[in-house]
Amino acid sequence: MTAQPLSAPEACEETEPSPARMRHTMGTFASGVTVVTGIGRDGVPAGFACQSFASVSLEPALVLFCADHRGRAWPRIREAGRFAVNILAEEQTDLCGRFGSSKGRKFEGLDWEVSPWGTPSLPGVLTRVHADVDDVRGAGDHDVVVGRVLALETVTDRQPMLFFRGGFGVGSPAAPPGPWGWGDHWG
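Residues numbered from 1 in each chain as written. Predicted model: local features only at pLDDT ≥ 70, side-chain atom pairs only at ≥ 80, totals over all residues. Heavy atoms only, no water.

Asker: What am I meant to see in the overall build of the chain here?
Answerer: What the chain contains, in helices and strands, is 3 helices and 12 strands. Evaluated residue by residue, the chain yields a buried proportion of 37% over its 187 residues. Partitioning the contacts of the chain with sequence separation of at least 6, the portion at a separation of at least 24 is 66%. (Helix = DSSP H or I, 4+ residues; strand = E, 2+ residues; numbered from the N terminus. Buried < 20%, exposed > 50% of the residue type's maximum accessible area, 1.4 Å probe, protein only. Contact = heavy atoms within 4.5 Å.)

Dropping the structure here:
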């Protein structure tokens with residue numbers, strides 16, 4: 001059998017991984033959107049929008065998320081040692097904007113509750129994952145946080161929020177930011 005010649009590679013743009021190029025390129029990976037919440041040792045709730053979230057292991061039950069070192073919420077949640085991941089439904093752009101912005105008080109005027117695990121539960125989300133901080137590793141300008149899952153809550157059976165190419169949903173133009181702005185300080 002004679003080896004077939006390889007076809008020419010598909011033409012593509014190659015550039016150095018500048019922060020702007022990384023954001024643009026990684027934006028082609030559609031992801032779900034979450035809000036990671038916790039209550040600081042002072043009893044004040046904290047939270048941030050996060051699209052870097054994944055399941056790590058079934059046994060033991062572990063999840064991970066990535067949190068920006070520059071954020072105000074993550075250090076408070078880390079200190080508390082416990083968090084909830086609130087997985088957003090597709091129409092919850094208001095929550096995404098509220099927790100994805102550095103502006104305003106995240107919980108002010110918001111109907112939320114403290115869960116039995118001592119974490120803030122946001123209203124109308126798809127699912128909540130309650131976990132203890134198990135391990136934290138520094139990686140560039142973020143921490144990779146592994147959490148040991150304590151409980152899972154299914155809240156509703158609606159469609160998930162997807163973030164793709166700087167907007168919400170796939171195949172639709174980017175939605176304009178709401179009053180909170182969005183995406184300036186996502187975890």
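Asker: Quick question: what am I supposed to make of the confidence of the model for the chain here?
Answerer: Averaged over every residue, the pLDDT of the chain is 85; the share at 70 or more is 84%. Per-element confidence in the chain ranges from a low mean pLDDT of 76 for strand β12 (residues 167-168) to a high of 98 for strand β6 (residues 82-87). Below a pLDDT of 50 lies the segment residues 175-187, which in the model reaches 39 contacts outside its immediate sequence neighbourhood of four places, other chains included. (pLDDT = per-residue confidence, 0-100.)

Asker: Where do I start with helix α3 (residues 93-100) in this structure?
Answerer: Because an α-helix completes one turn every 3.6 residues, residues spaced three or four positions apart along the sequence face the same direction. Counting buried positions over the 8 residues of α3 gives 6, a clear majority of the element. When we look at burial in α3, the residues that qualify are Leu95, Cys96, Gly97, Arg98, Phe99 and Gly100. As for α3, its buried residues are in contact with β2 (34-39), β3 (45-50) and β12.

Asker: Could you clarify how one ought to interpret the packing of aromatic side chains in this entry?
Answerer: The final tally for this structure, using the stated rule, is 5 aromatic pairs. When the centroid spacing of 5.6 Å and the interplanar angle of 90° are considered together, the rings of Phe65 and Trp74 count as edge-to-face. Taking relative accessible area as the criterion, Phe65 reaches 0% and is therefore assigned buried. Taken together, the ring pairs connect Phe48, Phe65, Trp74 and Phe83 into an aromatic cluster. (Phe/Tyr/Trp six-rings, centres within 6.5 Å; stacked < 30°, edge-to-face > 60°.)

Asker: Is there a simple way to think about the sheet that holds strand β1 (residues 31-32) in this case?
Answerer: In any sheet, the strands associate via hydrogen bonds between backbone groups, in a parallel or an antiparallel arrangement. On the basis of which strands lie adjacent, the open sheet formed by 3 strands has the order β1-β11-β12 and antiparallel pairing. Edge positions in the open sheet fall to β1 and β12, since each of these has one partner strand only. Two elements, β1 and strand β11 (residues 162-164), share 2 bridges in a ladder whose sense is antiparallel. Counted as the bridge partner of Ser31 is Phe163 from β11. (Pairing = 2+ DSSP bridges.)

Asker: Help me understand the sheet that holds β6, please; the structure alone is not making it clear to me.
Answerer: Pairing is antiparallel across the open sheet formed by 7 strands, whose spatial order is β3-β2-β6-β9-β10-β5-β4. The sheet is open, and its two edges are formed by β3 and β4 (53-57), each paired on a single side. Mean inter-strand twist for the sheet, computed between neighbouring axes without regard to direction, equals 35°. Where β2 meets β6, 4 bridges bridge the pair, whose relative direction is antiparallel. If you follow Thr37 over to β6, its bridge partner there is Ala84. Of the strands in this sheet, β2 and β3 touch α3, which is tilted by about 110° from β3. (Axes fitted to C-alpha atoms, helices over the stretch in contact; angles between N-to-C directions.)

Asker: Help me out: how do you make sense of unusual backbone geometry in this one?
Answerer: Working note: non-glycine residues mostly have negative phi, and peptide bonds are mostly trans. Pro60 follows Glu59 through a cis peptide bond whose omega is 0°. Within the secondary structure, Pro60 is located in the loop between β4 and β5 (62-68).

Asker: How should the state of the cysteines be read in this particular structure?
Answerer: Enumeration according to the criterion identifies 0 disulfides in this entry. Counting only cysteine sulfurs, Cys66 is the nearest neighbor of Cys50, a cysteine outside any disulfide, at a range of 6.8 Å. (Disulfide = S-S within 2.5 Å.)

Asker: Would you mind showing me how to read the side chain of Ser31 here?
Answerer: Assignment of secondary structure puts Ser31 in strand β1. Of the polar contacts made by the side chain of Ser31, one reaches the side chain of Gln51; its length is 3.1 Å. (Polar contact = N/O pair within 3.5 Å; in protein donor to acceptor, adjacent residues only side chain to side chain.)

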